[in-house]
Amino acid sequence: MKRRKVGNPLALAVLAWLVLEPMHPYELGRRLKESEQDRNIKYNRGSLYMVVKQLAKAGFIAEQETVRDTQRPERTVYALTEEGRTELYDWLSELVAQPRHEYPHFGVALSLMVVLSPDETVRLLGTRLTALAGEIDEIRGRVDAATAQGVEWVFLVEERYRAALLDAEHRFVAELIEAMRHPDYIRKWQEMLGS
């Protein structure tokens with residue numbers, strides 16, 4: 001993976017939104033929220049303004065104008081530069097084409113869960129299984145509602161991806177629960193860590 005001048009995923013979202021039209025950070029934040037991209041990209045108002053400054057410093061965006069409307073403070077409108085457009089397409093192409101190892105918290109928990117008793121692990125995994133089923137149902141409901149309103153599938157692809165990942169995790173956790181209940185595992189755990 002190529003090292004980026006501004007590597008925050010929020011920066012990629014800002015570049016993508018500025019393809020549509022120049023806008024100020026407040027408007028960028030509003031659109032991220034309205035499009036529910038805040039479900040995929042963690043940010044707050046301060047981090048958004050910081051990323052905008054970093055993108056401007058890197059030459060990926062540039063101040064287009066400063067506007068003042070009614071009682072609001074002045075707002076600087078930013079536009080995408082050619083260098084920013086090139087960075088957007090290069091970065092997005094890389095992310096779409098090349099798998100990247102990520103470090104999810106659940107992976108950490110799985111690597112260390114042997115310290116928990118089999119009964120406790122089964123109980124906790126059962127709680128996770130219920131939570132996963134709820135998330136899957138919620139996402140499918142959102143996708144179905146959006147589809148019924150005429151939203152094209154391409155604008156729902158990240159939600160479908162999220163549901164597919166959760167489906168896979170749900171199956172994995174269900175299988176893991178069964179493995180944790182197996183007498184051979186319980187016996188081996190008791191020999192290693194049990195009292």
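See above for the structure.
The structure reproduced in this document is the subject of the present report.

What counts, and where the lines are drawn
Residues numbered from 1 in each chain as written. Predicted model: local features only at pLDDT ≥ 70, side-chain atom pairs only at ≥ 80, totals over all residues. Heavy atoms only, no water. Axes fitted to C-alpha atoms, helices over the stretch in contact; angles between N-to-C directions. Helix = DSSP H or I, 4+ residues; strand = E, 2+ residues; numbered from the N terminus. Parallel < 35°, antiparallel > 145°, perpendicular 65-115°, else oblique. Left-handed = near helix turned anticlockwise from the far one by under 90°. Contact = heavy atoms within 4.5 Å. Nonpolar A, V, L, I, M, F, W, Y, C, P; charged D, E, K, R; others polar. Salt bridge = Lys/Arg side-chain N within 4 Å of Asp/Glu carboxyl O. Buried < 20%, exposed > 50% of the residue type's maximum accessible area, 1.4 Å probe, protein only. Core = buried A, V, L, I, M, F, W, Y, C linked by side-chain atoms within 4.5 Å.

1. A few points about the packing of helix α1 (residues 9-20) against helix α4 (residues 82-97)
Then step 1. Between α1 and α4, whose axes approach to 10 Å, the crossing angle comes to 125 degrees. Between α1 and α4, the interaxial angle falls into the category oblique. Relative to α4, the crossing made by α1 is left-handed. Contacts between α1 and α4 involve Pro9, Ala11, Leu12, Leu15, Ala16 and Val19 from the first element and Gly84, Arg85, Glu87, Leu88, Tyr89, Trp91, Leu92 and Leu95 from the second.
Then step 2. Classifying every residue of the contact of α1 with α4 gives 11 nonpolar, 1 polar and 2 charged.

2. Observations concerning the pattern of salt bridges
Then step 1. In the structure shown here, the tally under the stated rule is 18 salt bridges.
Then step 2. For Asp90, the salt bridge identified is with Arg4, shortest N-O distance 2.8 Å. Remark: Arg4 occurs in the segment before α1 and Asp90 occurs in helix α4; sequence separation between them is 86 residues.
Then step 3. Judged by relative accessible area, which is 33%, Asp90 ranks as partly exposed.
Then step 4. One salt bridge in this structure joins Glu94 and Arg4, with 3.2 Å as the shortest N-O distance. In this pair, Glu94 sits in helix α4 while Arg4 sits in the segment before α1, placing the two residues 90 residues apart along the sequence. For the pair Glu94 and Arg4, a shared accessibility class is recorded, and that class is buried.
Then step 5. Among the charged side chains, a salt-bridge network with shared partners connects Lys2, Arg4, Glu87, Asp90 and Glu94.

3. Focus on the nonpolar core
Then step 1. Within the largest apolar cluster, 24 residues are counted, with the highest numbers of intra-cluster contacts made by Val14, Leu18, Leu28, Leu55 and Ile61.
Then step 2. Contributions of two or more residues to this core are made by α1, α2 (25-34), α3 (45-58), β2 (75-80) and α4.
Then step 3. Considering every element that reaches this core, the biggest residue donor is α1, with 8 residues.
Then step 4. If sequence neighbours within four positions are ignored, Val14 has contacts with Leu28, Leu48, Val51, Val52 and Leu55.

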